[in-house]
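# Structural characterization, general
Spelled out from the first residue to the last, the chains are:
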Amino acid sequence: MLAGVKELKSFNGGIHPPFDGKSLSKNKEITQAPLPEVAYLYMSQHIGVPAKPVVAKGDVVKKGQKIGEAPALVSAHIHATVAGKVTDITFKPHPVTGARTQVVVIQREGDDEWAPGLDEPQDVEAMSPDDIRNLIREAGTVGLGGAAFPTHVKLSPPKDKKVDAVILNGAECEPYLTCDYRLLMEKTKEVIEGLKIIMKCLGCKNAYVGIEANKPDAYDKVRSAVGEDPHIKVELLEVKYPQGAEHQLIKAILGREFKPTQLPIEAGAVVHNVSTTYAIYEAVKYKRPLIQRVVSITGDGVENPNNLLVRIGTPIEPLLKAARLKEDANKVIYGGPLMGIAQPSIADAVTVKGTGGLLVMRNAGEWQSRACIRCGKCVDACPYGLNPSLLSILCESEHFQQAMEFNLMECKECGCCTYVCTSRRPIVHLIKTAKYELARQKARAQEAQKAKEAQKAQAAPAVTATAPK
Amino acid sequence: MSNAQEKVLLVTTSPHIRGPEDIPRVMWTVVGALAPAGLVGVYLFGYYALFIVILSVLAAVLTEAVIQKYLLGQPVSVKDGSAVITGILLAYILPPGVPWYIPIVGAIFAIAIVKHAFGGLGNNIWNPALAARAFLQVAYPAPINSDWRVLKQGGIFSNITGVDSITQASPLFKEFGGKTYNYTDLLTGNVPGCIGETSAIALILGGLYLIYRGYVDWRVPAGYIATVFILAKFLPAKIEAPWANDPIYHVLAGGLMLGAFFMATDMVTSPLTKKGLLVFGIGCGVLTTLIRFYAAYPEGVCYSILLMNTATPIIDRYTQPRLLGQGKK
Ligand code: SF4
Ligand code: SF4
C-alpha cells in the first residue's frame, strides 16, 4: 500500500468490484488508430441542443473544419475529423441515446490537413478568461467522461456562484477503462498545463488532482509534474466505484455535499476529467478542435486490448477487428461495465465524443430476477442516499408518482444498487423506464394542454369559420 | 457496412456486471452458520432431534415445491435454500421430544400460510418459522409445553449423552424445578431447551460468521442483546428466581441467542436501513424483557420478534436513507 489506508479520501456507499479489468489494457501505450475511410459525425454528441450542419452534400472539408454549429449556449460545435468530402447528411440511430439523430458523413480524401487557422501555438499567458472560454467553445470541447456536458458552460459559472476549487478527476473509477490513466502517464505535463488553463479561466487559485490508490505510478508522475506548486494538491483516493463521479469526488476531496441533481458549482467546485483537461489543453494551447480522443478497447472479448487515439466518428468494426475480436464475444459496450451502453450492432456503430471505451464481453448473459428480499445491500451501496429497493418496487408496479416522492429523479443511474442486488433485480432498468414513462406522460400532457388552448383560441371565430361552408 | 455473418449482440441496460452475492449463496451460507448449533443439539438430545430437523426441512421443502409447481405455476425455487432455512429454524425452536407430526404441521404452516399466502420469499411479513411456532403453541399446547421428558425413556432415538438434566424445559421455566444453571453450561448448551437454542457459543460463532460475511447487520443482535442485558439488570423483576435480575443469565438462557442472530436478522422481515435495524433490534430487546418479566409466558423471544416484524413497515417509513446533500452537511 502506498499510503496508510486512513489517509485515502473517500465517500459513503459505492462498490468494490473484485476484478477491475484494468490490467488488460493499462500497460498498453496510446497508439494512433488508422484513420477511418468514412467518418460519421452526429450533430448531437453532447448534452443540450443538437448542432446544425453548416456544410452541404458535396462540400469538400478540411480536418478540424466546423461542420456543425451550436445554435445555443448549452450545445457544442461539431468538426470534421478527417479531410474529405461530405457525401451525405442523413439520420441514424445514436449509439448512446438510441434516438434517430442527424449525421454528416465524410468520405476521407486527400491529405490529412488542418483547416486554415488551426493547429497553431497560442500565447496562453496573454489570454483573458473569455479568450480561453471562446477557444474551448470553438473547439467543441465536451466532458469526455461519458456525460458530454459542454465544457465552456462548465467554465462559465453564474455570477452569484463562487468557485474555490478546481478538481482534476483522475479517478477513472469505471472498471476496465484506462484512457485517462494512459493520458496521465504519457501526457502528464500537458494535462497539468490544461488544469492550469482551467484555473486561469475560472480565476480560481486552488486545484486538486484526485487519483485512485490503485494508480500509484500515475500519482508519482503527477506529483513530479506539479512540482512545488503550492496551489495544486494531489490526493490519493480509495479505490471504489463511483469515486470519479462528481459528487463522490467532491465529498472525498473537499468534504462537501450537494444534491444529486445539483451541479458541482453548488459546492463551489468545478470538476474535469483527464481526457477533457487534455482536450482543453489542445484547444487553448494549439487551437486544435476536438477531433480525436483516447479510447480503451478492452474486455475479455478481444485478444489484444489496447488504447487508441481514435478520430471521432470512426466505425468501431475495424477497431474491434484490429484488437482481434473473439468468436464468442456477444456484448459491445460504449463505456465501462457499470454505466456503459450496450450496442445493438457492431457494423453500424461509430464512436462519439463521449466514447472513452469499447468494452467487449464474451458469454454475457442475463440474470434471473427475483422479488426483493430486503437485504438492504442496495441502500448501503447507493452513493446518493436513495432507497433503490423501494424505488424498484414502486417503478415495477408503476407507482411513478410515489417513486418521485422517494427521489426517483435524483437517481444518477450509477448502477451500484443493481450490481449488489442479491435478488438480481434490474433496478436501474426499472428506474430508467419509469423516468422515460414520466417524461412521455409529461410531453403528452403538454400537448393536450396546447391543443386545448388552441381550441379555446379558435372557439370564438369557429362560428364564422364554419359558416361559409 | 452490413456483413453476412453479423454477430448477434446482447443488448441490456447497464450495469453489465453483477456482484458475487445472490440468494442461494446467502441462504446456503446461513444454513452452514446454523449447523454448529444443530450439531450441539443432536449431541445433547440424541438422534431423535436430528430426525425432527430432517422432518421439518423435508416438509418445508416439499410444501414449497408443491405450492410453486401445482398451485402457483412458478419455477420451483427450493434450491435457493430459503425453505431449508425455515425448516431448520422451526426445528431449532421445538422441544427435542416433540411428536413427529409437529414439525411437519409446523413447516407446512410456515411455508404455505406464512410465506406463500403472502406472496412468497421477499413478501412475507412474519418470520415463517417463528409464526409457525406461535401457531403450534396455540394448536398443540400439550406437546409443545410439557412433552419434554420423552427422551428419558430410551429406545432407538434415545438421548445419546445420558445427561440427566436434559429432561427439563428451558432454564427460564422456573416452574420446572426452578433450577439454575451455571454460565458454562449455558454457554456450551449443556442445558435443557429447544433443539437448536441451547448452545450460546455455537450460535454466536455462526452469527459472527454471518456478520463477517455481511449477511447479518451487527446492529440487530447487538441492539437486541444489549437491550435485554440492560433491562434485565434494572427492571424490577416479578419472577422469584436467583437469576431474576441476572443480566448474563437472561442473555444466555432461552432462545435469545438464536433469536438475536438468526431470527430477528431475517432480511425479509426486518427493516431495510441500518438505522431501522438498530431500532428493530432494540425493540425486540424491550419486548422480550417485558414479556419475560411481566407476562404469563416465560420466554419472550418468539413473540417479540413477531411483533417487531409487524412494526417493520412503520420503522422503514421513519428510517429512510438520507439523500446526499440533504439535511446535515
Ligand atoms: S443507480 Fe440510482 S438508485 Fe442505484 S445506486 Fe445509483 S443512484 Fe442509487
Ligand atoms: S439489494 Fe436487491 S434484494 Fe436487497 S434490498 Fe435491494 S433490491 Fe432488495
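Bear in mind that the values here come from a model prediction, so they are computed numbers and not experimental data. (Residues numbered from 1 in each chain as written. Chains lettered and ligands numbered in written order. Predicted model: local features only at pLDDT ≥ 70, side-chain atom pairs only at ≥ 80, totals over all residues. Heavy atoms only, no water.)

### Brief notes about the interface of chain B and chain A
Reports of interface size often rely on the accessible area that becomes lost once the parts have come together. Taken together, the contact between chain B and chain A spans 46 residues of the former and 69 residues of the latter. Where chain B abuts chain A, roughly 4,900 Å² becomes buried across the two surfaces, and 58% of that area is made up of carbon and sulfur atoms. Summed over the three residues of chain B that lose the most area to chain A, namely Arg18(B), Leu272(B) and Leu324(B), the buried surface amounts to 16% of that side. In this structure, the connection of chain B to chain A is made through four salt bridges. Of the charged contacts, one joins Lys274(B) and Asp380(A) as a salt bridge, the two residues approaching to 3.5 Å between their closest N and O atoms. (Contact = heavy atoms within 4.5 Å. Buried area = accessible area lost by both parts, 1.4 Å probe. Salt bridge = Lys/Arg side-chain N within 4 Å of Asp/Glu carboxyl O.)

### Structural notes on the sheet that holds strand E3 (residues 52-53) of chain A
Strand pairing in a sheet is mediated by backbone hydrogen bonds. Such pairs are either parallel or antiparallel. The three strands lie next to each other as E3-E5-E6 (chain A), forming an open sheet whose pairing is antiparallel. The open sheet has two edge strands with one neighbour each: E3 and strand E6 (78-79) of chain A. (Pairing = 2+ DSSP bridges. Helix = DSSP H or I, 4+ residues; strand = E, 2+ residues; numbered from the N terminus.)

### A look at the domain arrangement of chain B
Residue and element names in this part refer to chain B. Domains assigned within chain B are domain 1 (24-143) and domain 2 (197-316). Computed over C-alpha atoms only, the centres of domain 1 and domain 2 are separated by 21 Å. Across the boundary between the two partners, domain 1 contributes 27 residues, which contact 24 residues of domain 2. Here domain 1 and domain 2 share an interface that buries about 2,100 Å² over both sides, 73% of which is from carbon and sulfur atoms. For the interface between domain 1 and domain 2, the tally reads zero salt bridges. For the pair domain 1 and domain 2, the interface holds three residue pairs in polar contact (both at pLDDT 80 or more). The set of elements that each furnish at least two residues to the side of domain 1 that touches domain 2 consists of helix H1 (23-45), helix H3 (82-92) and helix H5 (128-139). The element best represented in the side of domain 1 that touches domain 2 is H1, accounting for 11 residues. Here the residues of the side of domain 1 that touches domain 2 sort into 19 nonpolar, six polar and two charged. (Domains from an automatic or database assignment. Polar contact = N/O pair within 3.5 Å; in protein donor to acceptor, adjacent residues only side chain to side chain. Nonpolar A, V, L, I, M, F, W, Y, C, P; charged D, E, K, R; others polar.)

### Thoughts on the site of ligand 1
Cys382(A), Cys411(A), Cys414(A), Gly415(A) and Cys417(A) are the nearest of the 13 residues found near ligand 1. Residues that form the shell around ligand 1 fall into these classes: 10 nonpolar, one polar and two charged. (Near = heavy atom within 4 Å.)

### Section: the domain arrangement of chain A
Residues and elements named next belong to chain A. Parsing chain A into structural domains produces domain 1 (34-117 + 289-362), domain 2 (119-286) and domain 3 (377-436). Computed from C-alpha atoms alone, the centre-to-centre distance between domain 2 and domain 3 is 30 Å. Linking domain 2 with domain 3 are five residue pairs in polar contact (both at pLDDT 80 or more). In terms of residue class, the side of domain 2 that touches domain 3 is built from four nonpolar, three polar and one charged.

### Concerning the site of ligand 2
Inspection of the region around ligand 2 gives 13 residues, with Cys372(A), Cys375(A), Gly376(A), Cys378(A) and Cys421(A) positioned closest. For the shell around ligand 2, the per-class residue count stands at seven nonpolar, four polar and two charged.

### What about helix H1 (residues 129-138) of chain A?
All names here are of chain A. Residues of H1 that are buried include every one of Ile132, Arg133, Leu135 and Ile136, and no others. An end-on view of H1 places all buried positions within 160° of arc, on one side of the element. The inward-facing, buried residues of H1 contact helix H2 (151-154), helix H4 (188-202) and helix H7 (274-286). (Buried < 20%, exposed > 50% of the residue type's maximum accessible area, 1.4 Å probe, protein only. Arc of directions from axis to C-beta.)

### Regarding the nonpolar core
Among the nonpolar cores identified, the biggest contains 84 residues, and Leu34(B), Tyr224(B), Leu258(B) and Phe262(B) are the most heavily contacted of them. Here this core takes 10 residues from H1(B), the largest share from any one element. Apart from the residues lying within four places of it in its own chain, the contact partners of Leu34(B) are Ile85(B), Ile88(B), Leu89(B), Tyr92(B), Leu258(B) and Phe262(B). Counting residues in each nonpolar core, the second largest holds 44 residues, with Val124(A), Ile132(A), Val191(A) and Ala207(A) among its members. (Core = buried A, V, L, I, M, F, W, Y, C linked by side-chain atoms within 4.5 Å.)

### Side note on the environment of Val379(A)
In this fold, Val379(A) is placed in helix H9 (residues 377-381). Residue Val379(A) is classed as buried on the basis of its relative accessible area, which comes to 9%. Distance from Val379(A) to Gln402(A), taken between C-alpha atoms, is 18 Å for residues 23 residues apart in sequence. Dropping the residues within four chain positions of it, Val379(A) is found in contact with Leu386(A), Asn387(A), Pro388(A), Leu272(B), Thr273(B) and Pro321(B).

### Examining unusual backbone geometry
The omega torsion across Tyr241(A) and Pro242(A) is 0°, close enough to zero to call that bond cis. Residue placement: Pro242(A) occurs in the loop between strand E11 (232-237) and helix H6 (246-254). Omega for the peptide link from Ser14(B) to Pro15(B) comes to -5°, which places this bond in the cis form. Inspection of the secondary structure puts Pro15(B) in the segment before H1. Within the chain, Asn363(A) stands out as a residue other than glycine whose phi angle is a positive 50°. With respect to the secondary-structure elements, Asn363(A) resides in the loop between strand E17 (357-362) and H9.

### Notes on the confidence of the model for chain B
Residues and elements named next belong to chain B. Looking at chain B, the pLDDT average stands at 86 and 87% of residues meet or exceed 70. Scored below 50 in pLDDT, residues 147-168 shows 49 contacts in the model against residues more than four places distant or in partner chains. If you check the scores for this complex, the pTM reads 0.90 and the ipTM reads 0.89. (pLDDT = per-residue confidence, 0-100.)

### Describing the pairing of strand E13 (residues 292-298) of chain A
Residues and elements named next belong to chain A. With six of seven residues buried, E13 is to be regarded as a mostly interior element. Across six bridges, E13 lies against strand E14 (residues 306-311) in antiparallel orientation. Across the sheet, residue arginine 293 finds its bridge partner in E14, namely valine 310. Two elements, E13 and E17, share three bridges in a ladder whose sense is parallel. Considered in E17, the bridge of serine 296 is made with glycine 357.

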